[in-house]
Every structure is written in C-alpha cells, then in structure tokens.
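Okay, here's what each chain looks like letter by letter:
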Amino acid sequence: MRILIVGASGTVGQAVTSALSSQHEIVKAGRSHGEFRVDILDIGKVRSLFKEVGTIDAVVCTAGNVHFGPLATMSAEKLWIGLQDKLMGQINLVLAGQTYLTDGGSFTLTTGSLSQIPIREASSASMVDGALESFVRAAAIELPRGLRINAVSPTILQESMDAFGHYFHGYEPVPASRVALAYVRSIEGAQTGEVYKVW
Ligand SMILES: NC(=O)c1ccc[n+]([C@@H]2O[C@H](COP(=O)([O-])OP(=O)(O)OC[C@H]3O[C@@H](n4cnc5c(N)ncnc54)[C@H](OP(=O)(O)O)[C@@H]3O)[C@@H](O)[C@H]2O)c1
C-alpha cells in the first residue's frame, strides 16, 4: 500500500513509520519535516497536500496539539488551540482526503486515553479526544466505496515520559512500538469506526 503519514517525524509517527515501512510505501508529511510540508490547521494547505501526493491507500495522522493547564485558568482561547489543532487538523485530513483514497482505503487518526480516563490539567485533551472518537464513529457509517476510518488511543508513551510523565503518575507507560501495532491493525485490518485503545 501507499500510505501517507502526517506527523511522521514525531514520537508516535516515527514508530508507526518503522512498523509499516518494510511492507508498504510510506509518504511522510509534517509541518517542518518530511517529503511533503503541510499545516493541518489550514484546510487550503491540506487540499494542496492531497493534490501533490495524489492517490493514496491509507492516511495516518499522528499530529495534533492541545493546551495542558488547570481548569481554574483554562480559557476559551486555550481550549480553542486543541479544537483547531488536534480536532479540526485531523478532521481536515478526512474532509480533504476522502476523494484521494483508493476503494477500501483507510484513515487512522490519533486520540488518547484521556477521552476515557481524565487526569488533572487535561480537560482540553479529554474534550478533543472524545470529540474525535465520536467523529470517527459517525464518519465510518457515511464514508463511501468501502473507505474505513479508525482512531488509535494511546496512553502516555515510554518515550514521552520525560516530557509528560509528571501528568501521568500511577499510569503505566506503553512503548511506541506497541502503539504502532494498533495503526498496523487499523490499516491492514477490516474494522471501521473502531477506537484501538493502547493502555
Ligand atoms: N506521546 C504520547 O505519549 C502520546 C500519548 C497519547 C496520545 N498522543 C497523541 O499523539 C499525537 C502525536 O504525539 P507525539 O508525542 O508523537 O507528538 P510529537 O513528537 O510532538 O510529533 C508531532 C508530529 O506532528 C507534526 N505536526 C505538528 N503540528 C502539525 C501541523 N499543524 N501540521 C502538520 N504536522 C504537524 C510534527 O511535524 P514537524 O516535526 O514536521 O513539525 C511532528 O511530526 C498527538 O496528537 C498526541 O496528543 C501522544
């Protein structure tokens, strides 16, 4: 398969790339790394990405930022970061990419365990991850031509413990290589509307 990975240079993206690259042709994209450059917040740039990349069998998104901070100081502007970035950024890829996918092709988006297991200072992440998972379930029943859409929902990665581990005391981190297997199942399997939990 020819697989577009947006966010291929990141912690999750690198692991997904290495899990898929022996069996598939990988097309890497990112904001500042990769053969193709795109800012997923800008639907115009996402449309241009697909025009440049052309027909593709699977699209993976391992990009998306949210603001972490206490609810007491959360603002609409800070919540808006996650809505525009991790939520709409990934949805922009689905909106613009659906006509470029071959029959039976798939989207695999990235959410996170915070949709189900809230922790302090992560209300934005929980909100966005939950919305994305609902979008995936809804889009799955409408996509034509056997197109599929799933999400992978990891908990904190071992590789991200230095940066984010202080938020996840008491939670067992998972290796990126294990998270990557869920993306392989989503792409090579038959499921649609699924949220693959890796925690
Ligand atoms: N790491 C974890 O423990 C963990 C756990 C659960 C869920 N997640 C979720 O997994 C996703 C990836 O996390 P990560 O830790 O791998 O992040 P990361 O290491 O910071 O990598 C982010 C990747 O996304 C790309 N990117 C960022 N903003 C972009 C934009 N506007 N347009 C296009 N590409 C953009 C970056 O590209 P450039 O480098 O080219 O800018 C980079 O390749 C996030 O949504 C995160 O919430 C992560």
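Only a predicted model underlies this, so the values are computations on that prediction, with no experimental measurement involved.

With respect to burial, strand S4 (residues 56-61) is a largely interior element, five of its six residues being buried. Alignment of strand S1 (residues 2-6) against S4, held across four bridges, turns out to be parallel. Residue pairing in the sheet places Ile-5 in a bridge with Val-60 of S4. Of the pairings in the sheet, the one linking S4 to strand S5 (residues 101-110) comprises four bridges and is parallel in character. Across the sheet, Ala-58 pairs through a bridge with Ser-106, a residue of S5. Once the chain exits S4 it traverses helix H3 (residues 76-97) before rejoining the sheet at S5, and the crossover so formed is right-handed.

Glancing now at the side chain of Thr-17. When you line up the elements, Thr-17 lands in helix H1 (residues 11-20). Assessed through its relative accessible area of 10%, Thr-17 is described here as buried. Setting aside chain neighbours within four positions, we find Thr-17 in contact with Ile-5, Ala-8, Ile-26 and Lys-28.

Turning next to the pattern of salt bridges. A full pass over the atoms with the stated rule returns four salt bridges. For Arg-2, the salt bridge is made with Glu-25, and the minimal N-O distance between the two is 3.4 Å. Of this pair, Arg-2 sits in strand S1 while Glu-25 sits in strand S2 (residues 25-30), placing them 23 residues apart in sequence. With a relative accessible area of 22%, Arg-2 lands in the partly exposed category. Classification of Glu-25 as partly exposed rests on a relative accessible area of 46%. One salt bridge connects Lys-45 with Asp-42, and the closest N-O pair in it is separated by 3.8 Å. Classification of Asp-42 as partly exposed rests on a relative accessible area of 30%.

Our next topic: the packing of aromatic side chains. All told, the structure shown has four aromatic pairs when counted by the stated rule. Relative to Tyr-100, the ring of Phe-50 lies with its centre 5.6 Å away and its plane at 20 degrees, an arrangement referred to as stacked. Taken together, the positions of Phe-50 in helix H2 (residues 43-53) and Tyr-100 in the loop between H3 and S5 put the pair 50 residues apart, joining distant regions of the chain. With centroids separated by 6.1 Å and ring planes inclined at 85 degrees, the aromatic side chains of Phe-168 and Tyr-171 adopt a geometry described as edge-to-face. Phe-168 gets classed as buried once you look at its relative accessible area, which sits at 8%.

What counts and what doesn't
Residues numbered from 1 in each chain as written. Predicted model: local features only at pLDDT ≥ 70, side-chain atom pairs only at ≥ 80, totals over all residues. Heavy atoms only, no water. Buried < 20%, exposed > 50% of the residue type's maximum accessible area, 1.4 Å probe, protein only. Helix = DSSP H or I, 4+ residues; strand = E, 2+ residues; numbered from the N terminus. Pairing = 2+ DSSP bridges. Right-handed = clockwise from strand over helix to strand, strands pointing away. Contact = heavy atoms within 4.5 Å. Salt bridge = Lys/Arg side-chain N within 4 Å of Asp/Glu carboxyl O. Phe/Tyr/Trp six-rings, centres within 6.5 Å; stacked < 30°, edge-to-face > 60°.

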